[in-house]
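Coordinate inspection notes
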Amino acid sequence: MDNAGKEREAVQLMAEAEKRVKASHSFLRGLFGGNTRIEEACEMYNRAANMFKMAKNWSAAGNAFCQAAKLHMQLQSKHDSATSFVDAGNAYKKADPQEAINCLNAAIDIYTDMGRFTIAAKHHITIAEIYETELVDIEKAIAHYEQSADYYKGEESNSSANKCLLKVAAYAAQLEQYQKAIEIYEQVGANTMDNPLLKYSAKDYFFKAALCHFIVDELNAKLALEKYEEMFPAFTDSRECKLLKKLLEAHEEQNSEAYTEAVKEFDSISRLDQWLTTMLLRIKKSIQGDGEGDGDLK
Amino acid sequence: MSRDICVHTWPCSYYLELEKRWIPGKLSLTSLSLKFMTDKTGDTLVNFPLSSIIEIKKEASQFIFSSLTILEKDHVKHWFSSLQPGRNVVFHVIEHFWRELLLSQSGAAMDASSSHVTKGQELTGLMACSQKRLEDAATVLHHQGEQLDSIASGLDRIECDLDVADRLLTELESPSWWPFSSKLWKMPSDTKPSVGSSMASSKALGKEGIVIRVPAVIFQRTDSHVKPGSLTVLVSGLEIHDSSSSLIHRFEKQDVDDIKIHTHYEVSIRQRFTGKPDIAFRLISAKMPEVIPILEMQFSKKIELLEDDLMLRSARTSSPEEKDYSVWHAASRLMDCARLQEPSGSQEGGPLQLQMREPLISQGDTQELRQVTCIRGLRPPCR
């Protein structure tokens, strides 16, 4: 009831704002304070957008913010324009993901133009998340995560960059682009192992890198494991390393019982997450490749 | 074949991507695969082995309806909604069977190992869990530390911009005909030394507080005006002379708005004006590496390092003792000059206007410099 009223009011405001913009285009108005007219129109679009928001009409709210952003651009206030585009993106996110991405991209263009790369990177992450959850286009999500990691690196905020890179690596591994995943994990691991705060998670990255090696080729995994142990001695003592050794042994003997036993033991202490489960399953499949298991799984 | 027995079926609805609608039906799980059959026609719309699952998630469609999404190997996402009796139940059952694919053993060894968990195992589990949490906490802590750092540098930049804005505002606020405006106060100090200081600066190094003087090539405004000359860093500002050592321009310390360091050997100095073109000089000198640390001491906030300077930084940090030395050197020089300046200022009858208004280096500054030199001095010169 109340919402319908708000919506009507918002539509009225939009119409009014449009009138003002048109008026500012006429010759005489253009001479006398055309800009103030446009400013007023901006204000109105913003108010309309907020009312649409209250009425939960997300795409209309997004549209209103978009208009406001374009007017801000006309007025040369880049910063306001970018903020409005971000608002529009947030509103669209709930109704029309593709449009949300367009708006955020426009905002990113403005921010990169102004040299505000940290904020641009943040919005790249938002876009990547939309691709990840709403549109399920993992390739594009990866591209945006990579872009954002690049920007963060340029601004020396390495921990944010690493966060993005790890996402990229996880998806790359799921898409079976193991080489890429390995490179990222090794790089992040090498970066973090010297940091007093971060060295505790380095073993995790090496473990994941080794697992990716394992899926590609067993011998590579062995070599990689040796390399990691040399690079980062603390890795030898970790449960992850011991598990890897057991798995390698089991794989060599083509013993799926031993393999399962080792995984199970590891799982009983700390539960495997979904990524690890997927990867370990892929390795297990390669053991059973010539056995009867293959037929069953298909 | 006994393994293919249906474990459970749940009534639910499935989302058809192409037609954009939900279809009611039944989701059935066997120990190795997942199937969906429609109620009406009995077609099997979905059928895939559990081993091809990448991810199982609880999500909400339209932000209201709880649903379950399963990501298949080729990144096909399946949406199941209005699950009976409840989403969580189905989620746990499917996840259990999926994990069991990895963990289950076909032999008899199964019951022996899984049935009882020893206390030691339990404790290790607890330990591993808390270790994991601590690792995560450390990562987050590091991340926040980085954010705080960037906030601090952002604040610094804001403060610096405010300084400039403040100066420009005071200039704007005072009407141009008002004889006591800050603009006019500055004018004489700008012009006066141009006559006097060419002699004064050549006369005594100590009196004017010259910290360093280097020969340089000068570009004024556009690149077409190239002249040889010299740059002099004074305690009170910067002076640029041409080859016959007559003054081209003098920057007072507070008038310099920004100094850009392009490379080791190239800097540009700028004073901004509203309504007038900026006064800007670009200087290239072989001895610039000696000057840059001094400039950094004097104009710390106004210095802007351009991209190439990352190289410069890394080059400098690669030889830390050298850097220590140069900073120490610069600081001690500045201090000496300041000390010389104080007595000379009181002795001379008609000191410069600028000196009247404020001491060249405040007490606080000297204190700070002294501390720096002390710290540097305490350290052995080469580590």
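From a predicted model like this one, the values you see are computed outputs, not experimental measurements. (Residues numbered from 1 in each chain as written. Chains lettered and ligands numbered in written order. Predicted model: local features only at pLDDT ≥ 70, side-chain atom pairs only at ≥ 80, totals over all residues. Heavy atoms only, no water.)

1. Some thoughts on the overall build of chain A
When its secondary structure is counted, chain A shows 17 helices and 0 strands. The burial tally for chain A puts 49% of its 298 residues in the buried class. Relative to all contacts within chain A whose residues are 6 or more apart in sequence, the contacts with residues 24 or more apart total 54%. (Helix = DSSP H or I, 4+ residues; strand = E, 2+ residues; numbered from the N terminus. Buried < 20%, exposed > 50% of the residue type's maximum accessible area, 1.4 Å probe, protein only. Contact = heavy atoms within 4.5 Å.)

2. A word on the interface of chain A and chain B
Opposite the 44 residues of chain A that make contact, chain B presents 41 residues. Taking both partners together, chain A and chain B bury about 3900 Å²; carbon and sulfur atoms supply 54% of that area. Considering only the surface of chain A that becomes buried against chain B, A:Lys264, A:Gln274 and A:Leu281 emerge as the three largest contributors, covering 16% of it. Taken together, the connections running from chain A to chain B amount to 2 salt bridges. A:Asp204 is the salt-bridge partner of B:Lys132, the closest N and O atoms lying 3.6 Å from each other. Joining chain A to chain B, the criterion identifies 5 residue pairs in polar contact (both at pLDDT 80 or more). Sorting the residues of the side of chain A that touches chain B by element identifies α7 (117-135), α9 (158-174), α11 (199-216), α15 (256-269), α16 (274-288) and α17 (293-297) of chain A as the ones contributing at least two each. When residues of the side of chain A that touches chain B are assigned to their parent elements, the largest contribution, 9 residues, is made by α15(A). Split into classes, the residues belonging to the side of chain A that touches chain B amount to 13 nonpolar, 14 polar and 17 charged. (Buried area = accessible area lost by both parts, 1.4 Å probe. Salt bridge = Lys/Arg side-chain N within 4 Å of Asp/Glu carboxyl O. Polar contact = N/O pair within 3.5 Å; in protein donor to acceptor, adjacent residues only side chain to side chain. Nonpolar A, V, L, I, M, F, W, Y, C, P; charged D, E, K, R; others polar.)

3. Here's the deal with the UniProt feature "domain: T-SNARE coiled-coil homology" (unreviewed entry) in chain B
When the UniProt feature table is mapped onto this chain numbering, "domain: T-SNARE coiled-coil homology" (unreviewed entry) sits at residues 136-172 of chain B. Taken as a whole, residues 136-172 of chain B contains 100% helix and 0% strand, while its terminal C-alpha atoms sit 53 Å from one another. (UniProt positions renumbered as here; feature names shortened; annotations may be inferred.)

4. What about the packing of aromatic side chains?
Applying the stated criterion across every chain yields a total of 12 aromatic pairs over all chains. Aromatic pair A:Phe207 and A:Phe266: ring centres 6.2 Å apart, planes at 35°, arrangement tilted. With A:Phe207 in helix α11 and A:Phe266 in helix α15, this residue pair connects regions lying 59 residues apart in the sequence. Given a relative accessible area of 2%, A:Phe207 falls into the buried group. Look at A:Phe266 and you get buried, because its relative accessible area is 8%. Ring geometry for B:Phe251 and B:Phe281: centres 5.9 Å apart, planes at 85°, overall edge-to-face. (Phe/Tyr/Trp six-rings, centres within 6.5 Å; stacked < 30°, edge-to-face > 60°.)

5. Points about the packing of helix α4 (residues 58-74) of chain A against helix α5 (residues 78-92) of chain A
Residues and elements named next belong to chain A. Contact geometry for α4 and α5: axes closest at 8 Å, N-to-C directions at 170°. Relative to α5, the element α4 is oriented roughly antiparallel. In this structure, α4 crosses over α5, and the sense of that crossing is left-handed. Contacts between α4 and α5 involve Trp58, Ser59, Ala61, Gly62, Asn63, Phe65, Cys66, Ala68, Ala69, His72 and Met73 on the former and, on the latter, Asp80, Ser81, Ser84, Phe85, Asp87, Ala88, Ala91 and Tyr92. By residue class, the composition of the contact of α4 with α5 is 11 nonpolar, 6 polar and 2 charged. (Axes fitted to C-alpha atoms, helices over the stretch in contact; angles between N-to-C directions. Parallel < 35°, antiparallel > 145°, perpendicular 65-115°, else oblique. Left-handed = near helix turned anticlockwise from the far one by under 90°.)

6. With respect to the sheet that holds strand β15 (residues 303-305) of chain B
Residues and elements named next belong to chain B. Strand order across the open sheet formed by 8 strands is β11-β10-β9-β8-β14-β13-β12-β15, with mixed pairing between neighbours. Edge strands, defined here as strands with exactly one partner in the open sheet, are β11 (247-252) and β15. For this sheet, the mean inter-axis angle between neighbouring strands, taken without regard to orientation, is 30°. Strand contacts of helix α6 (residues 288-298): β8 (210-220), β9 (225-234), β10 (237-242), β12 (258-263), β13 (266-271), β14 (279-284) and β15, with the helix running at about 55° to β9, the strand carrying the most contacts. (Pairing = 2+ DSSP bridges.)

7. Things to note about the pattern of salt bridges
Using the criterion set out here, one finds 13 salt bridges over all chains in the structure. Of the charged contacts in the structure, one is a salt bridge between A:Lys227 and A:Glu186, with a shortest N-O distance of 3.6 Å. Taken together, the residues A:Lys227 in helix α12 (residues 218-231) and A:Glu186 in helix α10 (residues 178-192) connect sequence positions 41 residues apart. Accessibility expressed as a relative area gives 40% for A:Lys227, which makes it partly exposed. Notably, a salt bridge pairs B:Glu171 with B:Arg167, separated by 3.4 Å at the nearest N-O pair. Placement of the pair is B:Glu171 and B:Arg167 together in helix α3 (residues 119-173), with a separation of 4 residues, close to one helical turn. Each member of the pair, B:Glu171 as well as B:Arg167, is classed as buried. What you see here is one network of salt bridges that share partners, running through A:Asp204, B:Lys132, B:Arg133 and B:Asp136.

8. Some thoughts on α12(A)
Residue and element names in this part refer to chain A. The end-to-end C-alpha separation of α12 is 20 Å, in line with the 20 Å expected for 14 residues at 1.5 Å each. Of all the residues in α12, the buried ones are Glu218, Ala221, Ala224, Leu225, Tyr228 and Glu229. For α12, the angular spread of buried residues about the axis comes to 135°, placing them on one side. Those residues of α12 that are exposed and aimed more than 90 degrees away from the buried face are Leu219 and Glu230. (Expected span 1.5 Å × (residues − 1). Arc of directions from axis to C-beta.)

9. Considering the nonpolar core
If you look at the biggest cluster of nonpolar residues, it comprises 125 residues, and the most contacted ones within it are A:Leu211, A:Phe235, A:Tyr259, B:Leu27, B:Phe80 and B:Ile94. With sequence-adjacent residues up to four places away left out, A:Phe235 is seen in contact with A:Lys203, A:Phe206, A:Phe207, A:Leu225, A:Tyr228, A:Glu229, A:Cys241 and A:Leu244. Ranked by size, the runner-up nonpolar core spans 27 residues in total, among them B:Leu231, B:Phe251, B:Ile294 and B:Leu295. (Core = buried A, V, L, I, M, F, W, Y, C linked by side-chain atoms within 4.5 Å.)

10. Quick notes on the packing of helix α14 (residues 239-252) of chain A against α15(A)
Residue and element names in this part refer to chain A. Between α14 and α15, whose axes approach to 8 Å, the crossing angle comes to 165°. Here α15 runs roughly antiparallel to α14, going by the angle between their axes. α14 and α15 meet at a crossing whose hand is left-handed. Residue-level contacts link Arg239, Glu240, Leu243, Lys246, Leu247 and Ala250 of α14 to Ala258, Tyr259, Ala262, Val263, Glu265, Phe266 and Ile269 of α15. Looking at the contact of α14 with α15, its residues break down into 9 nonpolar, no polar and 4 charged.

11. Side note on a nonpolar patch on the surface
Among the surface-exposed residues, B:Leu148, B:Ile151, B:Leu155, B:Ile158 and B:Leu162 lie close enough to one another that they form a single nonpolar patch of about 510 Å² accessible area. Locating B:Ile158 in the fold gives a position in helix α3. (Patch = residues over 30% accessible without salt bridge, like charges linked within 9 Å, V, L, I, M, F, W, Y side chains within 5 Å. Areas by Shrake-Rupley, 256 points an atom, 1.4 Å probe, with all protein chains shown as cover.)

12. Regarding the pairing of strand β7 (residues 77-81) of chain B
Residue and element names in this part refer to chain B. Most of β7 sits out of view: 5 of its 5 residues are buried. Burial along β7 is two-sided: the face carrying Lys77, Trp79 and Ser81 and the face carrying His78 and Phe80 are both buried. Taken together, the 2 bridges between strand β1 (residues 6-16) and β7 define a ladder with antiparallel strand orientation. Within the sheet, the bridge partner assigned to Ser13 lies in β7 and is Ser81. Bridging between strand β6 (residues 65-72) and β7 involves 5 bridges; their strand directions are antiparallel. Bridge pairing links Leu68 to Phe80 in β7.

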